[in-house]
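Listed below are the residues making up each chain.
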Amino acid sequence: MSVVVNHLGVRLELDPKVLSEKMIESIKAGRYENVEAREIAKIIQPNEVIVEIGAGLGFIATLAAKHEHTVRIVSYEANPKLIAHITKTLETNTDKSRKNWEVRNAVLQNGSDQETMPFYVHNDFWASSLLPIKDPASVEQVKVENFNAMLRDIKPSMIICDIEGGELDLFRHADLSGVKKVYMEIHQNRLGRRKIRDLFQIFHARDFHYDQHHSHGSVVMFSHVDR
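Quick notes on the rules
Residues numbered from 1 in each chain as written. Predicted model: local features only at pLDDT ≥ 70, side-chain atom pairs only at ≥ 80, totals over all residues. Heavy atoms only, no water. Helix = DSSP H or I, 4+ residues; strand = E, 2+ residues; numbered from the N terminus. Rg over C-alpha atoms; globule rule 2.2 N^0.38 Å. Buried < 20%, exposed > 50% of the residue type's maximum accessible area, 1.4 Å probe, protein only. Contact = heavy atoms within 4.5 Å. Areas by Shrake-Rupley, 256 points an atom, 1.4 Å probe, with all protein chains shown as cover. Lys, Arg positive; Asp, Glu negative; His and termini not counted. Charge placed at Lys NZ, Arg CZ, Asp CG, Glu CD. Pairing = 2+ DSSP bridges. Axes fitted to C-alpha atoms, helices over the stretch in contact; angles between N-to-C directions. Phe/Tyr/Trp six-rings, centres within 6.5 Å; stacked < 30°, edge-to-face > 60°. Core = buried A, V, L, I, M, F, W, Y, C linked by side-chain atoms within 4.5 Å. Parallel < 35°, antiparallel > 145°, perpendicular 65-115°, else oblique. Left-handed = near helix turned anticlockwise from the far one by under 90°. Nonpolar A, V, L, I, M, F, W, Y, C, P; charged D, E, K, R; others polar.

Colleague: Tell me what's going on with the overall build of the protein, and back it up with residues and numbers.
Modeller: Looking only at helices and strands, the protein has 8 helices and 12 strands in total. Against the globule reference of 17 Å for 227 residues, the protein gives a C-alpha radius of gyration of 17 Å, in line with a compact fold. When its C-alpha atoms are laid out on the principal axes, the protein stretches across 50 × 40 × 30 Å. When each of the 227 residues of the protein is scored for burial, the buried share is 55%. Sequence separation of 24 or more characterises 62% of the internal contacts of the protein that already satisfy a separation of 6 or more. Looking at the protein as shown, the accessible area adds up to about 11200 Å², and 47% of this sits on carbon and sulfur atoms. The centroid of the 29 positive side-chain charges in the protein is displaced by 1 Å from the centroid of its 31 negative side-chain charges.

In structure tokens form, the structure reads like this:
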């Protein structure tokens, strides 16, 4: 049976058909994305246009959409089973007269001619990934969108990213022109030390620096040096 809780100012429905017992307990205990939640209001600046990659339950998207400085947020989620839940979270918690959000079910890639690609769904959705996982609950074929084409179209000033180890391949050939901030969770357990080094070098080569003021452990802020 579903229950609704208030998690750091956002009403979240805890539906056991969507969330595992482990995940429900994490939300009830106030641990779910609490680092990102407490930082996001400090990061968003006037006239912010945000692209979120890996929306999960729509919790961070909701906090961003509710922020007075957010002009627009477009949230991507690869897991088709979460789209209705994300949409409901946003609809429940935001002002209907100021709909500045959009949810898209797709995988973002550069240099791929695939129309769809497999997405490995874990019972704990936060462990789902484009990278193969052991004993997935299901494997979903998800539409592929070109990352750079999307960036040119939306022109985000900020990117939020949590994609369980897919961050290196996504940003390797990304055109980040106009992007001022990338706020992401990095996954050394999936990528390993050398690939984490490569990820930092990708951002340094594009004039982004590690912003210690808004980084906490695996949740990292890359800021453009001229922002």
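Text resumes after the structure shown.
Colleague: For the sheet that holds strand β8 (residues 138-146), give the residues involved together with the corresponding values.
Modeller: Spatially, β6-β8-β7 is the arrangement adopted by the 3 strands of the open sheet, whose pairing is mixed. With one partner strand each, in any of the chains shown, β6 (107-109) and β7 (116-121) form the two edges of the open sheet. Averaged over all neighbouring strand pairs, the angle between strand axes comes to 45°, with direction disregarded. Relative to β8, β6 runs parallel, the two sharing 3 bridges. Looking at the pairing, L108 lines up with E145 of β8. On the sheet, helix α5 (residues 147-154) packs against β6 and β8 and is oriented at approximately 55° with respect to β8.

Colleague: Go over the packing of aromatic side chains, please, and point to the residues and values.
Modeller: Within the structure shown, the criterion is met by 10 aromatic pairs. Geometrically, the ring pair formed by Y32 and F59 is tilted, given 5.8 Å between the ring centres and 45° between the ring planes. Placement of Y32 in the loop between α1 (21-28) and α2 (34-43) and of F59 in helix α3 (residues 59-66) is noted, with a sequence separation of 27 residues between them. Ring plane angle 5° and centroid distance 4.1 Å describe the contact between F203 and F222, whose orientation is recorded as stacked. On the criterion of sequence distance, the pair formed by F203 in helix α8 (residues 193-205) and F222 in strand β12 (residues 219-224) is long-range, its members being 19 residues apart. For the residue pair F203 and F222, the accessibility class agrees, reading buried in each case. Feature note: the residues F147, F171, F200, F203, F208, Y210 and F222 constitute an aromatic cluster, connected by ring pairs.

Colleague: Quick one: what's the story with the nonpolar core, residue by residue and with numbers?
Modeller: Counting residues in hydrophobic clusters, the biggest one holds 35 residues, and the most contacted among them are L19, I27, I40, F59 and M158. Of all the elements, α3 adds the most residues to this core, at 6 residues. With sequence-adjacent residues up to four places away left out, L19 is seen in contact with E13, L14, I24, I27, L57 and F125. In terms of nonpolar packing, the next biggest core, distinct from the first, is built from 32 residues, L108, I159, V220 and F222 among them.

Colleague: How would you summarise the packing of α3 against helix α4 (residues 83-93) if you had to cite specific residues and measurements?
Modeller: The relative placement of two packed helices comes down to the angle between their axes together with the axis-to-axis distance. Two elements in contact, α3 and α4, have axes separated by 9 Å at closest approach and are oriented at 30°. By the angle between their directions, the pair α3 and α4 is classed as roughly parallel. Pair α3 / α4 crosses with right-handed handedness. Residues A61, T62, A65 and K66 of α3 pack against T89, L90 and N93 of α4. Residues belonging to the contact of α3 with α4 are distributed by class as follows: 3 nonpolar, 3 polar and 1 charged.

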